[in-house]
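# Observations on chain architecture
Spelled out from the first residue to the last, the chains are:
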Amino acid sequence: MSGNLARLDRRRLAALIRKETVQIVRDPSTLLIAFVLPILLLFIFGFGVSLDANSIRVGMVVQDSSPQANSLAQALRASPYLEIEESPTVQPLRDRMVANRIRAMIVIPQDFGASIDRRAPLPIQVATDGSQPNTANFAAAYVQGIYGTWVEQQGMAPGVPTVTVNTRYWWNPELKSRFFLIPGSITIVMTMIGTLLTALVVAREWERGTLEAMMATPISMTEFIASKLIPYFVLGMGSMALCTVLGIVVFGVPLRGSVFALFLLASAFLVPALGLGLFISAATKNQFVASQAALFSGFLPSFLLSGFIFEISSMPRMIQAVTYLVPARYFIPPLQTVFIAGDAWGMFARNIAAMLTFGALFFLLAYRTTRRSLD
Amino acid sequence: MGRLKAITIKEFWALVRDPKARMGLFLPPLLQLFLFSYAATLEVRNIDLGLYDMSSGRYSQELVQRLDGSPNFKRIEVLHSPEDLRQAIEDQDVIAAIVIEQDFDRRMASGQSAEIGVVLDGRRSNAAQIVAAYVTRVASGIGAQVSNLPEPEGLRVTNLYNPSLDFVWFNLPSLIVMLGVITSIAVTGLSISRERELGSFDQLMVSPLRVHEILLGKMLPALGFGLLNGAIFIAAAQLIFDVPFRGSYAVFFAALIVFNIALIGVGMFVSSLSRTQQQAFLGSFLLTIPIIMLSGFASPVENMPEWLQVLNHANPAMYFLPVAQSIFLKAMPLSAVISWMWPVVLIAIVTLSASAWLFRARME
């Protein structure tokens, strides 16, 4: 490799990029990950992951035969949010819950009707399956809601001045979780292409020794890195565009911001993603290890530590600190904004700056590791 | 038998010879366990809330104090104009802002019903809905307090098996499943394709080993690692994370073995199909993602559309995830475990025979 590291010869670079592109096109698995994977991911997140309300299977025991108990039981049966399974006693329902077939049980206690007549209603008992905390919360909330409505209909509500809460959800009044899941999955797709694919490709060259052969040619370090990055950058942007079109056409996600902002944000995110991929390959020089490292440092943090599904503010402080090191954390909020809300340049600029900083850091690391291993 | 032993030992060394590969087998899963078991929570806590109060009387103060006192809210940012409010939400300084109209206090004082507005960030609609529920709960308490009437209990909710609904109790058993999927498929996925790429496949073919011996030799070390990782996780769950393990270890490991064999079958199938390690890796990744995402960890299986639920019957993690959670927390008995796990046995048979068939077909 030439001593002049910063040299960039356009003809040589073009030749190298052509070589890289031919390699990509020749290997079906690369195209698989660039175009089939995005579609698959988008469909999985669009259809498979839904945080919207849905019906929950619960068991019910009605121990009272009064008209009030029957009317409440009927209200519960009629709810679209609950799928009621009835039993005369509690024990079989408990077994069903241990076997993971129902998520909660409701017991309308003996003497329920009479207690209402006494104007001192007995509480309805709800036992949820705590092994799935989120569903447990939903189940309790649904029963609470149905019970509240029923109490009102029965004219049992005490004469209290009530404070009603009038909610307005900006940009997403129908509360479609797809609206934030699709931008999130675009982030994951781009992480995969930027980090995983780059790490694998370059690690293979190290493993096979073709990298040393490249080093013996007069190309400079900059040309070498650029020739690896440009094709994968194009591939990453291509699959981003594919995902965007699918998100809009198939899943009905709006693109309220400008296409220019979208491309700018995506380009900024690919910088740290590609840099991390290069660094991993140079540090591991082994395809198996590189693949594992890319999964654990690229895919999983983008999925779990980026605010994609799990709120960062709810995490323990230590972990919140770790999320600042995840580039996807700076990509997901502006990407969601550009899709759902529109252009907000103040926020975009801050996040782009953060992503580029990480990008520079990863490239520096990759560069140093590559150099050291050459000596 | 001697031949099988030899190839198993050879495969074992192929896995752990390289110190970096050794680390790749154990370090990342453990690290992930620590990071993600605390991170993956759908709870919403430490929320920053905006407040645009045009009433500023006794009742609106009371409301604000109650919100401030709630452990779910971290900070209340006072906003002075609709423009402030728009900016705060757009920049995600706050996830929601409460708007109290001028007549709020007058209405409350005269015993009328009153209304407050909450503007929420629809970009994070899931978290926003939970915030709306918190605010509603606090606000409805104000009405009862004003009238000095006791609130009837109405509903008595108990959470069985996990009384405080601790997410770590849900995450740990689930992560054992997810990390198991990633490691098992990756280890076996690369096993045959590595031999092809390095050229040692032909040597294996001319050795006196039979096909089933080669395949078993590749499976056993992977199974060993899967079980060892599982054992480490179970120990960590109890010793470090204080998650109770209430079921039977024998039942858990029996289910884990069945699950791992099914995954190894998936990995072997991909591996026999691929010509290079890179193809094998990408292929196994392409299968790992849906197996994890559709397992019910990210969102309940029942929320998926019908056709996807049908497809999901081929997903071994869809069966093992609830079993792992239930053995941990609910001491799921063997009979119920069998009622969940028998399809996984079928999946294992199908994937293993398919990979053996493909392996043979590719030999010639």
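Quick caveat, the model's predicted, so the values are computed rather than measured. In every chain, residue numbers begin from 1 and rise along the written sequence. Naming scheme: in the order in which they are written, chains are lettered from A and ligands are numbered from 1. Local features in this predicted model are restricted to residues of pLDDT 70 or higher, and side-chain atom pairs are both shown and tallied only at a pLDDT of 80 or more, whereas totals for entire chains, interfaces and linings draw on every residue. Water and hydrogen atoms were dropped before computing side-chain values, which therefore reflect all heavy atoms in the structure.

## Comments concerning the overall build of chain A
Counting secondary structure elements, chain A contains 14 helices and 5 strands. The quantity called the radius of gyration is restricted to C-alpha atoms. Its globule counterpart is 2.2 Å times the number of residues to the power 0.38. Since a compact globule built from 375 residues should have a radius of gyration of about 21 Å, the 28 Å found for chain A marks it as more spread out than a globular shape. Projected onto its principal axes, the C-alpha coordinates of chain A cover approximately 95 × 45 × 40 Å. A 1.4 Å probe rolled over the protein chains alone gives each residue an accessible area, and that area as a share of the maximum for its type sets the label: buried under 20%, exposed over 50%, partly exposed in between. Buried positions account for 59% of the 375 residues belonging to chain A. Contacts are residue-level and defined by heavy atoms, with any inter-residue pair within 4.5 Å sufficient. Nonlocal contacts in chain A, meaning residues at least 24 apart in sequence, comprise 79% of its contacts between residues at least 6 apart. Carbon and sulfur atoms provide 61% of the accessible area of chain A, an area that totals close to 14,600 Å². Numbering goes from the N terminus for both helices and strands, where a helix is a DSSP run of H or I of at least four residues and a strand is a run of E of at least two. The protein chains shown are the only cover counted for residues, whose accessible areas, like all others here, come from Shrake-Rupley with a 1.4 Å probe.

## A few points about the domain arrangement of chain B
With domains assigned, chain B is organised as domain 1 (47-147) and domain 2 (162-363). By convention here, the domain bounds are inherited from an automatic or database domain assignment. For domain 1 of chain B versus domain 2 of chain B, the separation of C-alpha centres amounts to 47 Å.

## Points about the interface of chain B and chain A
On the chain A side, the residues contacting the 109 residues of chain B number 105 residues. Buried area adds together the accessible area that both of two parts lose upon being put together, with accessible area traced by a 1.4 Å probe. Both sides together, the interface formed by chain B and chain A hides about 9,500 Å², and carbon and sulfur atoms give 65% of it. When the area that chain B buries against chain A is broken down by residue, the three leading residues are B:R123, B:L155 and B:Q278, summing to 8%. Only one rule defines a salt bridge in this text: a Lys or Arg side-chain nitrogen within 4 Å of an Asp or Glu carboxyl oxygen. Applying the counting criterion to the chain B and chain A interface returns 2 salt bridges. In this structure, A:D129 and B:K330 form a salt bridge, with 2.5 Å as the shortest nitrogen-oxygen distance.

## Description of the domain arrangement of chain A
Domain parsing of chain A yields domain 1 (10-49 + 176-374) and domain 2 (56-153). Placing the centre of domain 1 of chain A and that of domain 2 of chain A at their C-alpha centroids yields a distance of 48 Å.

## Structural notes on the sheet that holds strand β3 (residues 96-100) of chain B
A strand pair is defined by DSSP finding two or more bridges across the two strands. Spatial strand order, β5(A)-β4(B)-β3(B)-β1(B)-β2(B): 5 strands in an open sheet with mixed pairing. A strand with exactly one partner marks an edge of an open sheet, and here the two such strands are β5 (163-170) of chain A together with β2 (73-78) of chain B. The mean angle between the axes of side-by-side strands here comes to 25°, regardless of whether they run parallel or antiparallel. Judged from the 8 bridges that link them, β5(A) and strand β4 (residues 114-121) of chain B form a sheet pairing that is parallel. What sits directly across from A:N166, in β4(B), is B:G117. In this description, a line fitted to the C-alpha atoms serves as the axis of each element, helices being fitted only across the stretch in contact, and the angle between N-to-C directions of two axes falls anywhere from 0 to 180 degrees. Docked against the sheet, helix α3 (residues 58-69) of chain B engages β1 (47-53), β2, β3 and β4 of chain B, running at close to 145° with respect to β2(B).

## Things to note about helix α7 (residues 167-198) of chain B
All names here are of chain B. Helix length check: α7, at 32 residues, gives a terminal C-alpha distance of 45 Å against a target of 46 Å (1.5 Å per residue), a fit within 8%. Bend, in this description, refers to the angle at a residue between axes fitted to the seven residues ending there and the seven starting there. Where α7 bends most, the angle comes to about 30°, and this point is S191. Among the 32 residues in α7, 30 count as buried, and that is most of the element. At the N-terminal boundary of α7, the capping side chain belongs to D166, with an oxygen 2.9 Å from the backbone nitrogen of V168. The positive-phi residue at the C-terminal boundary of α7 is G199, with phi of around 85°. What a helix is expected to span follows from its residue count: subtract one and scale by 1.5 Å. N or O atoms closer than or at 3.5 Å make up a polar contact, with two conditions inside protein: a donor-capable atom paired with an acceptor-capable one, and, for residues adjacent in sequence, both atoms drawn from side chains.

## With respect to the packing of helix α7 (residues 178-208) of chain A against helix α11 (residues 287-304) of chain A
Residue and element names in this part refer to chain A. Interaxial distance between α7 and α11 falls to 9 Å at its minimum, and their mutual angle equals 165°. Judged on the interaxial angle alone, α11 and α7 are roughly antiparallel. Relative to α11, α7 is oriented so that their crossing is right-handed. Along its contact with α7, which presents I188, T191, M192, T195, L196, A199, L200, A203, R204 and E207, the element α11 presents Q287, A290, S291, A294, L295, G298, F299, S302 and F303. Tallied by class, the residues present in the contact of α7 with α11 amount to 11 nonpolar, 6 polar and 2 charged. Roughly parallel here means an angle under 35 degrees, roughly antiparallel means over 145, roughly perpendicular means 65 to 115, and every remaining angle is called oblique. It is the rotation of the near helix from the far one that decides the hand of a crossing: anticlockwise by less than a right angle makes it left-handed, clockwise makes it right-handed. Each residue gets one of three labels, nonpolar for Ala, Val, Leu, Ile, Met, Phe, Trp, Tyr, Cys and Pro, charged for Asp, Glu, Lys and Arg, and polar for the others, Gly among them.

## Some remarks on the packing of aromatic side chains
Residues and elements named next belong to chain B. Working definition: rings of Phe, Tyr and Trp (its six-membered ring) pair if their centres are within 6.5 Å, and the pair is stacked with planes under 30 degrees apart, edge-to-face with planes over 60 apart, and tilted otherwise. Under the defined criterion, the tally for this structure stands at 32 aromatic pairs over all chains. The interplanar angle of 20° and the centroid separation of 6.2 Å between the aromatic rings of F281 and F285 together place this pair among those described as stacked. With F281 and F285 both in helix α11 (residues 277-293), this residue pair falls 4 residues apart, about one helical turn. Accessibility classification places F281 together with F285 in one group, the buried group.

## Some thoughts on the pattern of salt bridges
Considering all chains together, one arrives at 23 salt bridges over all chains under this definition. Taking the shortest distance from any N to any O, the salt bridge between B:R66 and B:E62 comes out at 3.3 Å. Taken as a pair, B:R66 and B:E62 lie in helix α3 at a separation of 4 residues, close to a single helical turn. Classification of B:E62 by relative accessible area gives partly exposed; the value is 24%. By sharing partners, the salt bridges in this structure join A:K19, A:E20, A:E205 and A:K228 into a single network.

## Focus on the environment of A:A241
All names here are of chain A. Here A241 lies in helix α9 (residues 221-249). Classification of A241 as partly exposed rests on a relative accessible area of 28%. In this structure the C-alpha to C-alpha distance between A241 and L262, which are 21 residues apart in sequence, comes to 9.6 Å.

## Concerning the side chain of A:S281
Residue and element names in this part refer to chain A. Mapping S281 onto the fold places it in helix α10 (residues 259-284). At a separation of 2.7 Å, a polar atom in the side chain of S281 contacts the main-chain carbonyl oxygen of L278. For S281, the contacting residues outside a window of four places in its chain are A199, V202, A203 and W206.

## Things to note about the pairing of strand β2 (residues 82-86) of chain A
Residue and element names in this part refer to chain A. In the sheet, strand β1 (residues 56-62) pairs with β2 via 5 bridges, with the strands oriented parallel. From the neighbouring strand, R57 faces β2, where its bridge partner is E83. A crossover gets the label right-handed when its path from the first strand over the helix to the second runs clockwise, viewed with the strands pointing away from the viewer. Note on the crossover from β1 through helix α3 (residues 67-78) to β2: the handedness is right-handed.

## Some thoughts on the environment of A:R371
For A:R371, the location among the structural elements is in helix α14 (residues 345-374). As a C-alpha pair, A:R371 and A:I102 span 269 residues in sequence and 59 Å in three-dimensional space.

## Let's talk about α10(A)
For α10(A), built from 26 residues, the straight-helix expectation of 38 Å at 1.5 Å per residue is met to within 8% by its first-to-last C-alpha distance of 37 Å. One or two positions beyond α10(A), positive phi appears at A:K285, with a value near 55°.

## Focus: the confidence of the model for chain A
pLDDT: the predictor's confidence for each residue, scored from 0 to 100. In the predicted model, chain A carries a mean pLDDT of 85, and 94% of its residues have values of at least 70. The least confident element of chain A is helix α8 (residues 210-216) of chain A, whose mean pLDDT is 76; the most confident is strand β3 (residues 104-108) of chain A, at 94.

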